[in-house]
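# Structural features, examined
Residues per chain are reported as follows:
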Amino acid sequence: MSPERINPAELSPPAGFSHAVAAAGSRLVFLAGQTALDTEGKVVGATLPEQFERALTGLLTALAAAGGNPADLVRVTVYAVDVAAYRTHARELGRIWRRLAGRDYPAMAVVGIVRLWDEDALVELDGIAVLDA
């Protein structure tokens, strides 16, 4: 499967996301929201970048277990309890993304929320991937 990243010139230049992703494949993988939980179910990391890295690692671990890789991601939603902090750390979060997932950006959205299931969680990521059979 080779997703086609679509970024029309009529839209603002994308930075850290694709405006659209077209994918053909035979297996959809729906990835549950991941926060900065450790193996014992405790939130780790005091800062947004630390928690983002842990959450993204969890998302990619689940994807790998399903047989996929970061380039197979076609959609990721980021839920942030503090969008202003997310914007402040955007460059650092982008570096974390590129180090862990590369430059094949999925269609993405950042959604500001009041809180997450775990009160200490600052960010959660979920996603959709399309894999070949």
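Residues numbered from 1 in each chain as written. Predicted model: local features only at pLDDT ≥ 70, side-chain atom pairs only at ≥ 80, totals over all residues. Heavy atoms only, no water.

Here we take up the sheet that holds strand 6 (residues 123-131). Judged by pairing direction, the sheet is mixed, and its four strands sit side by side in the order 3-6-4-5 without closing on themselves. The sheet is open, and its two borders are formed by strand 3 (27-34) and strand 5 (107-112), each paired with just one other strand. Going from strand to strand, the sheet's axes swing by 10° on average, the running direction of each strand aside. As paired strands, strand 4 (residues 73-80) and strand 5 are joined by six bridges and run parallel to one another. Counterpart to Thr-77 in the pairing with strand 5 is Ala-109. (Pairing = 2+ DSSP bridges. Helix = DSSP H or I, 4+ residues; strand = E, 2+ residues; numbered from the N terminus. Axes fitted to C-alpha atoms, helices over the stretch in contact; angles between N-to-C directions.)

On to the layout of surface pockets. Of the voids in this model, the largest pocket is the one considered here, and its volume is about 470 Å³. Ala-15, Gly-16, Tyr-86, Ala-90 and Val-110 are, among the 17 residues lining the largest pocket, the residues nearest its centre. Sorting the residues of the lining of the largest pocket by element identifies helix 2 (83-88), helix 3 (90-101) and strand 5 as the ones contributing at least two each. Per element, the largest residue contribution to the lining of the largest pocket is six residues, and it comes from helix 3. The residue makeup of the lining of the largest pocket, split by class, is 12 nonpolar, two polar and three charged. (1 Å grid on protein atoms, 1.4 Å probe; cavity = no way out; pocket = protein on both sides within 12 Å on 5 of 7 lines; lining within 4 Å. Points joined across faces, edges and corners; volume = space filled by probe spheres on them. Nonpolar A, V, L, I, M, F, W, Y, C, P; charged D, E, K, R; others polar.)

Moving on, we get to helix 3. Look at helix 3: 15 Å from first C-alpha to last across 12 residues, which is about the 16 Å you get at 1.5 Å a residue. By the burial criterion, the buried members of helix 3 are Leu-93, Gly-94, Ile-96, Trp-97 and Ala-101. Along the axis of helix 3, the buried residues cluster in a sector spanning 160°; they form a single face. More than 90 degrees from the buried face of helix 3, the exposed residues found are Arg-91 and Arg-99. Against helix 1 (48-65), strand 4, helix 2, strand 5 and strand 6 lie the buried residues of helix 3. The positive-phi residue at the C-terminal boundary of helix 3 is Gly-102, with phi of around 85°. (Expected span 1.5 Å × (residues − 1). Buried < 20%, exposed > 50% of the residue type's maximum accessible area, 1.4 Å probe, protein only. Arc of directions from axis to C-beta. Contact = heavy atoms within 4.5 Å.)

An α-helix turns once every 3.6 residues. As a result, residues three or four positions apart point the same way. Its 18 residues place the ends of helix 1 25 Å apart at the C-alpha level, agreeing with the 26 Å of an ideal helix rising 1.5 Å per residue. Where helix 1 is buried, its residues touch strand 3, strand 4, helix 2, helix 3 and strand 6. Count one or two residues on from helix 1 and you reach Gly-67, which has phi positive near 95°.

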